[in-house]
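An overview of the molecular structure
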Amino acid sequence: MTSPDALPPPPSRAARLIGLGSWLPLRQITNTELCSRLDTSAEWIQARIGITTRHVADPATATSDMAVEAGLRAMKSAEVEHVDALLLATTTPDHPVPSTAPTVAHRLGLRQVPAFDVAAGCSGFVYATSVAAALIQSGTAHTVLVVGAETMSAIIDPADRSTAPIFGDGAGAVVLEAGRAGEPGTLGPVAWGSDGEHAGAIYVPEGGSRRSPSPVTGAEAGRYVHMQGNVVLRHAVRHMSQVARDAAAAAGWAVRDIDRLIVHQANARISAAVADDLGIPPEGVPSNIARVGNTSAASIPLLLAHATADGRLTAGQRVLVAAFGAGFTWAATTLVWPRGLQALT
Ligand code: COA
């Protein structure tokens, strides 16, 4: 067996961010509307989660529909008409079979490119981006479209006050292209991990191979997300803080070098606690949770797009991206924000 030290140095080829797009369904559910049917209050949701409103897909809209919209915008932003592969991060595929990515690729006119789903909960987009970066680094692909899209409303019990206020629907996408390691826009090393011991902390009991769908309705319905919110909250803060430190170190950055922390929009209190742990001031931590909620795998690309569109992410900033989600899973990476990148939202 070859020792790692005897291997050649990492390639100088790296994945560079060249396109960014996002899409949100038109319909919004405000806290006030939620309170009319749930035992909660707008003040509680605002203070404990930091959300004012969330977008929700209409019943005719599925994850692939939103993924296509975001993908189109990212490709337009990148000024490309073709990519070599498509990765779709989602926990809410259109169907259990087949995976949703080939449908998205087909509808984007990407004839017969390799396309597959990446399921890693709310960390899915950073996982998928890192896999895409590895495909580019290895020379397997030159240009890759990575989409994060979720129809969380399809798996959230509208009558469950511990989950219904949190989640929203939407999609975001990036185009990555081969570039030279170290140039602005190229992704640094990924730091990532998982801990299946806590698989039950956020899960959908039925519909997989463990338990088939049952006709049970109401709070016990197995087709909805069941979540131990406070367990998730504790682990999310700990793991995102640590994985952010690990990704910064792998990039050769000190934590104080980080200009912008793009943290998964799970709960405003989680983002604030991670930023506080890392010593990053509030102006360095863009957020859009107030208006989109927790959109799971779509959260990071939606925030990248929104923060670019409104000028909170600008060329030359050192950006650290960190996510945490069901599984548990976590992941983080770095990049220097590139010049001339336009987000189409
Ligand atoms: N309105 C009013 N009260 C609520 C409520 C709501 N919408 N949801 C829960 N509560 C109540 C609970 O019933 C509990 O009451 P009790 O003390 O009488 O038992 C109380 O608030 C505290 O519950 P707890 O779960 O400890 O609150 P919390 O401060 O942890 O906040 C979450 C709950 C769900 C907002 C929070 O845990 C969270 O955001 N977790 C992370 C979720 C997440 O991001 N998941 C996605 C994966 S990244």
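Before reading on, note that the structure itself is shown above.
Residues numbered from 1 in each chain as written. Predicted model: local features only at pLDDT ≥ 70, side-chain atom pairs only at ≥ 80, totals over all residues. Heavy atoms only, no water.

Next up on the list: empty space enclosed by the protein. Summed over the entire model, instances satisfying the criterion amount to one cavity of 30 Å³ or more. Put simply, the largest cavity is a space of about 120 Å³. Listing elements by their share of the lining of the largest cavity, those giving two or more residues are helix 5 (124–137), strand 7 (170–180), helix 9 (299–309) and strand 13 (329–336). Of the residues forming the lining of the largest cavity, the biggest block, three residues, is contributed by helix 5. The residue makeup of the lining of the largest cavity, split by class, is eleven nonpolar, two polar and no charged. Lining the lining of the largest cavity are residues from two domains, each supplying at least three of them: domain 1 (13–180) and domain 2 (191–344). (1 Å grid on protein atoms, 1.4 Å probe; cavity = no way out; pocket = protein on both sides within 12 Å on 5 of 7 lines; lining within 4 Å. Points joined across faces, edges and corners; volume = space filled by probe spheres on them. Helix = DSSP H or I, 4+ residues; strand = E, 2+ residues; numbered from the N terminus. Nonpolar A, V, L, I, M, F, W, Y, C, P; charged D, E, K, R; others polar. Domains from an automatic or database assignment.)

Between its terminal C-alpha atoms helix 6 (residues 229–251) stretches 32 Å, which fits the 33 Å expected from 23 residues at 1.5 Å a residue. Taken residue by residue, helix 6 has Val231, Val232, His235, Ala236, Val237, His239, Met240, Ser241, Val243, Ala244, Ala247 and Ala248 as its buried positions. Positive backbone phi, at 80°, marks Gly252, one or two positions downstream of helix 6. (Expected span 1.5 Å × (residues − 1). Buried < 20%, exposed > 50% of the residue type's maximum accessible area, 1.4 Å probe, protein only.)

With mixed pairing, the six strands of this open sheet are ordered in space as 5-4-6-7-1-14. Lying at the two open borders of the sheet, with one neighbouring strand each, are strand 5 (115–118) and strand 14 (343–344). Across eight bridges, the pairing between strand 6 (residues 143–150) and strand 7 is antiparallel. Paired with Ala149 across the bridge in strand 7 is Ala171. Packed onto the sheet, helix 5 meets strand 1 (13–23), strand 4 (85–89), strand 5, strand 6 and strand 7 and runs at close to 170° relative to strand 6. (Pairing = 2+ DSSP bridges. Contact = heavy atoms within 4.5 Å. Axes fitted to C-alpha atoms, helices over the stretch in contact; angles between N-to-C directions.)

Turning next to the sheet that holds strand 12 (residues 318–325). The strand order across the open sheet formed by four strands is 8-13-12-11, and the pairing between neighbours is mixed. What marks the edges here is a single partner per strand, and that holds for strand 8 (191–194) and strand 11 (260–263). When the angles between neighbouring strand axes are averaged without regard to direction, this sheet yields 15°. Helix 6 rests against strand 8, strand 11, strand 12 and strand 13 of the sheet, and its axis sits at about 145° to strand 12.

Another point: the layout of surface pockets. Approximately 280 Å³ is the volume found for the second largest pocket. Along its surface, the second largest pocket is lined by 18 residues, and Gln137, Leu187, Gly188, Pro189 and Val190 are the ones closest to its centre. Breaking the lining of the second largest pocket down by element, the ones donating at least two residues are strand 1 and helix 5. Here the lining of the second largest pocket is built from residues that sort into ten nonpolar, seven polar and one charged.

Glancing now at the packing of aromatic side chains. Here the distance between the centres and the angle between the planes together describe a pair of aromatic rings. Under the definition given, this model contains three aromatic pairs. Between the aromatic rings of Phe324 and Phe328, the centroid separation amounts to 4.9 Å while the plane-to-plane angle is 45°, which identifies the pairing as tilted. Of the two residues, Phe324 and Phe328, both sit in the buried class. An aromatic cluster is built from Phe324, Phe328 and Trp330, whose rings are joined through pairwise contacts. (Phe/Tyr/Trp six-rings, centres within 6.5 Å; stacked < 30°, edge-to-face > 60°.)

Take the site of the ligand next. The environment of the ligand is made up of 22 residues, and the closest members are Thr40, Arg161, Gly229, Asn267 and Arg269. Thr40 places a polar side-chain atom, nitrogen or oxygen, 2.6 Å from a nitrogen atom of the ligand. With respect to the ligand, the side chain of Asn230 contributes an N or O atom lying 3.4 Å from an oxygen atom. Counting residues per element, the shell around the ligand draws most heavily on helix 6, at four residues. Along the lines of polarity and charge, the residues of the shell around the ligand split into 13 nonpolar, six polar and three charged. (Near = heavy atom within 4 Å. Polar contact = N/O pair within 3.5 Å; in protein donor to acceptor, adjacent residues only side chain to side chain.)

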